[in-house]
Amino acid sequence: RAGLTGTLPQQIEDALCVAKSSLSVDVGLPSVDMEICSIFEGGRAADADARLRLIAALTSRGISTRVCLEPLLPLISDQRAMLDRTFAKLVSTGVHRVAVRYLVLTPHLVKLLSPRISPMQREVIRACFGQSPWLRPDPTTETWQGEQSYKLLPASLREQGHQRIVHAATAAGIVIDILDPSREAEDLSAPLHHMTTSAARH
């Protein structure tokens, strides 16, 4: 989740030149909208444009770079206009692979996010997660590795969101890795399978 505010330090430049194809980097970016970044990261949030500059510095040197667009806020940061803007900026940096995952709600996050979001955003999140049960942590599943109870976005909403994301990605020429695929009958005792959706490239 780091960014680049100036020129790339010479030590890092030298290291990247040596590593090149043997290095793969994931850059965390909740959104290209700084307001959304700040919701999750508070004052520690690296400027979204600074992260885009870091991404461009990596891809221009032949480093395999994937952006982790997470956590997604349902009906807020996964809307088509926002996705089109996000993917256009990522393509301009040389990125063509993006991983996505929706917010996993915990009691800690509820307390953390409440003062940082608007009343409208609060109502949207409440409506999206309202019918989801609180689940207990299960060390046998990859769905959630924390120690708190948690809520997942309902599978139907995740599926709709993933479809929206894939359509926007296809238009931009981006490959999407869906890290939280929806399943018709969600079995939380089974490992969470990683699913990759390929989109045609320009």
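Structure report, in brief. (Residues numbered from 1 in each chain as written. Predicted model: local features only at pLDDT ≥ 70, side-chain atom pairs only at ≥ 80, totals over all residues. Heavy atoms only, no water.)

A few words now on the overall build of the protein chain. Looking only at helices and strands, one finds 7 helices and 5 strands in the protein chain. The linear arrangement of helices and strands in the protein chain, starting from the amino end, is α-β-α-α-β-α-β-α-α-α-β-β. Burial statistics for the protein chain: of 202 residues in total, 47% are counted as buried. The contacts in the protein chain between residues at least 6 apart in sequence include a share of 71% that link residues at least 24 apart. Carbon and sulfur atoms make up 55% of the accessible area of the protein chain, which amounts to about 10,300 Å² in all. (Helix = DSSP H or I, 4+ residues; strand = E, 2+ residues; numbered from the N terminus. Buried < 20%, exposed > 50% of the residue type's maximum accessible area, 1.4 Å probe, protein only. Contact = heavy atoms within 4.5 Å. Areas by Shrake-Rupley, 256 points an atom, 1.4 Å probe, with all protein chains shown as cover.)

A few words now on the environment of Val67. Position of Val67 relative to the elements: it lies in strand β2 (residues 64–72). Sequence spacing of Val67 and Pro30 is 37 residues, and the spatial spacing of their C-alpha atoms is 9.5 Å. Among all residues touching Val67, those that are not within four sequence positions of it are Val27, Leu29, Ile55, Leu90, Val95, Arg97, Val98 and Ala99.

In this section: the side chain of Asp78. In this fold, Asp78 is placed in the loop between β2 and α4 (80–92). Of the polar contacts made by the side chain of Asp78, one reaches the backbone nitrogen of Leu75; its length is 2.7 Å. Polar side-chain contacts of Asp78 include one of 3.4 Å to the backbone nitrogen of Ile76. Apart from residues lying up to four places away in sequence, Asp78 is in contact with Leu73, Leu83, Tyr102, Gly161 and Arg164. (Polar contact = N/O pair within 3.5 Å; in protein donor to acceptor, adjacent residues only side chain to side chain.)

On to the pairing of β2, then. When you tally the buried positions in β2, you get 8 out of 9 residues, the bulk of the element. Pairing of strand β1 (residues 24–28) with β2, which is carried by 5 bridges, proceeds in the parallel orientation. By the bridge assignment, Ser24 is partnered in β2 with Ser64. Relative to strand β3 (residues 97–102), β2 runs parallel, the two being bridged by 4 bridges. Note on β3: the bridge partner recorded for Leu72 is Tyr102. Read from β2 through α4 to β3, the crossover connection turns out right-handed. (Pairing = 2+ DSSP bridges. Right-handed = clockwise from strand over helix to strand, strands pointing away.)

A few words on unusual backbone geometry. A negative phi holds for most residues other than glycine; trans holds for most peptide bonds. In this structure, the amide linkage connecting Glu70 to the following residue, Pro71, adopts the cis form with an omega of -5°. Here Pro71 lies in strand β2. At Leu75, a residue that is not glycine, the phi angle is positive and equals roughly 60°. Mapped onto the fold, Leu75 is located in the loop between β2 and α4. Residue class for Leu75 comes out partly exposed when judged on its relative accessible area of 44%.

The values reported here are purely geometric and, on their own, carry no functional implication.
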